[in-house]
Amino acid sequence: MKDHLQEYPESACCGGDESSAAYPGVDMPRLQSAVREMLAAVGEDPDREGLLETPARVARMYAEMFSGLRENPRVHLEKFFTEKYDEMVLVKDIGFTSMCEHHLLPFSGKAHIGYLPNGRVVGLSKLARVVDSVARRPQVQERMTEAIADMLVDELNVKGVAVVIEASHSCMTIRGVKKPGSMAVTSAMKGVFRSNVSSRAEVMTLIYGK
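All values derive from a computational prediction rather than experimental measurement. (Residues numbered from 1 in each chain as written. Predicted model: local features only at pLDDT ≥ 70, side-chain atom pairs only at ≥ 80, totals over all residues. Heavy atoms only, no water.)

Visitor: Explain the UniProt feature "binding site: Zn(2+)" (unreviewed entry) in the chain here, please?
Guide: In this numbering, the UniProt entry assigns the feature "binding site: Zn(2+)" (unreviewed entry) to Cys100, His103 and Cys171. Considering the C-alpha atoms alone, the annotated residues occupy 72 residues of sequence yet fold into one spot, their largest mutual distance being 7.6 Å. Those residues in contact with Cys100, other than ones at most four positions away along the chain, are Leu105, Phe107, Gln139 and Cys171. Tracing the backbone through its elements, the reader meets Cys171 in helix α5 (residues 170-173). The exposure class assigned to Cys171 is buried, which follows from its relative accessible area of 12%. Ignoring any residue separated from it by four or fewer positions in sequence, one finds Cys171 in contact with Cys100, His103 and Leu105. (UniProt positions renumbered as here; feature names shortened; annotations may be inferred. Contact = heavy atoms within 4.5 Å. Helix = DSSP H or I, 4+ residues; strand = E, 2+ residues; numbered from the N terminus. Buried < 20%, exposed > 50% of the residue type's maximum accessible area, 1.4 Å probe, protein only.)

In structure tokens, the structure reads:
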């Protein structure tokens, strides 16, 4: 998928065990040690009762939040159906949570994906699975938007793709400028949605209902 999303091999999903064996590709003891050191660095006592299990909990959280690093989102688009349908397909309001790579704080929102088929359609749930897989890694929203759009172009050979993502970033709502309620909106228009103004207007109208 060009340079927007590194390819990753498939692996087992994360379980409840906190050993590295349960989280392939994640050094759980090292991660727990890092959390313990962070607590000590900010002046906390990692050995007090309320924090004893915190390093293990946080390690499991990061293994889950970054599980997309050990997945290949393209696998969800390998199964498609040959159809003569040549009008837009749109799945909107796909909820997700990802992690800002600048502050390692979450950003959450909705993804809207529309595409104009070129003889191939994919199961609607597969688009949601793509969003989930791409979201579970440290990144910026702009890259996430482009990555999803490029993937659909590459795998489905579509005539056009429109991806719009709306998200609230905790790195600017709970710290720094502290602006709760602010939303970041990014879009990636490919093919006819980029070259044809009316097609772009149509998909935006279907997304926002205006």
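Visitor: Can you help me understand the UniProt feature "domain: GTP cyclohydrolase I" (unreviewed entry) in the chain in this one?
Guide: The sites that UniProt annotates as "domain: GTP cyclohydrolase I" (unreviewed entry) are residues 32-207. The span residues 32-207 is 39% helical and 28% strand by assignment, and the distance between its end C-alpha atoms comes to 42 Å.

Visitor: Where do I start with helix α2 (residues 54-65) in this structure?
Guide: An α-helix turns once per 3.6 residues; consequently, residues spaced three or four apart project the same way. The terminal C-alpha atoms of α2 lie 16 Å apart, and with 12 residues this matches the ideal 16 Å at 1.5 Å per residue to within 8%. All of the buried residues in α2 are Thr54, Pro55, Ala56, Val58, Ala59, Tyr62, Ala63 and Met65. Buried residues belonging to α2 abut α1 (28-41) and β2 (89-100). (Expected span 1.5 Å × (residues − 1).)

Visitor: So what exactly am I meant to see when it comes to the packing of α1 against α2 here?
Guide: The relative placement of two packed helices is expressed as an angle between their axes plus a distance between the axes. Contact geometry of α1 with α2 gives a least axis separation of 8 Å together with a crossing angle of 120 degrees. Taken together, the axes of α1 and α2 are oblique relative to one another. For the pair α1 and α2, the crossing hand works out as right-handed. Note on element contacts: α2 touches α1 through Thr54, Pro55, Ala56, Val58, Ala59, Arg60, Tyr62 and Ala63, opposite Met28, Leu31, Gln32, Val35, Arg36 and Leu39. Here the residues of the contact of α1 with α2 are counted per class, giving 10 nonpolar, 2 polar and 2 charged. (Axes fitted to C-alpha atoms, helices over the stretch in contact; angles between N-to-C directions. Parallel < 35°, antiparallel > 145°, perpendicular 65-115°, else oblique. Left-handed = near helix turned anticlockwise from the far one by under 90°. Nonpolar A, V, L, I, M, F, W, Y, C, P; charged D, E, K, R; others polar.)

Visitor: Explain the environment of Arg60 here, please?
Guide: Along the chain, Arg60 turns up in helix α2. Along the primary structure Arg60 and Gln32 are separated by 28 residues, whereas in three dimensions their C-alpha atoms are 9.0 Å apart.

Visitor: How do you make sense of the packing of aromatic side chains when you look at a structure like this?
Guide: The geometry of an aromatic ring pair comes down to the distance between the two centres and the angle between the two planes. Applying the stated criterion to the full structure yields 2 aromatic pairs. Between the aromatic rings of Phe96 and Phe107, the centroid separation amounts to 6.1 Å while the plane-to-plane angle is 80 degrees, which identifies the pairing as edge-to-face. You can see Phe96 sitting in strand β2 and its partner Phe107 sitting in strand β3 (residues 106-116), a full 11 residues away along the chain. Taken as a pair, Phe96 and Phe107 share a single burial class, namely buried. (Phe/Tyr/Trp six-rings, centres within 6.5 Å; stacked < 30°, edge-to-face > 60°.)

Visitor: Before we go on, may I ask you to explain helix α4 (residues 141-156) in this structure?
Guide: Taking 1.5 Å as the rise per residue, α4 with 16 residues should run 22 Å; its terminal C-alpha atoms sit 23 Å apart, in good agreement. Taken residue by residue, α4 has Gln141, Met144, Thr145, Ala147, Ile148, Ala149, Asp150, Met151, Leu152 and Leu156 as its buried positions. Among the residues trailing α4, Asn157 stands out with phi positive, at a value near 55 degrees.

Visitor: I would appreciate a short explanation of the pattern of salt bridges in the present structure.
Guide: Pairs can form between side chains of opposite charge once their charged atoms are near each other. Going through the model one piece at a time under the given rule, you end up with 9 salt bridges. With a closest N to O distance of 3.4 Å, Asp154 and Arg74 form a salt bridge. With Asp154 in helix α4 and Arg74 in the loop between α2 and β1 (80-82), this pair connects stretches of sequence that are 80 residues apart. Members of the salt-bridge network, linked through shared partners, are Arg74, Asp154 and Glu155. (Salt bridge = Lys/Arg side-chain N within 4 Å of Asp/Glu carboxyl O.)

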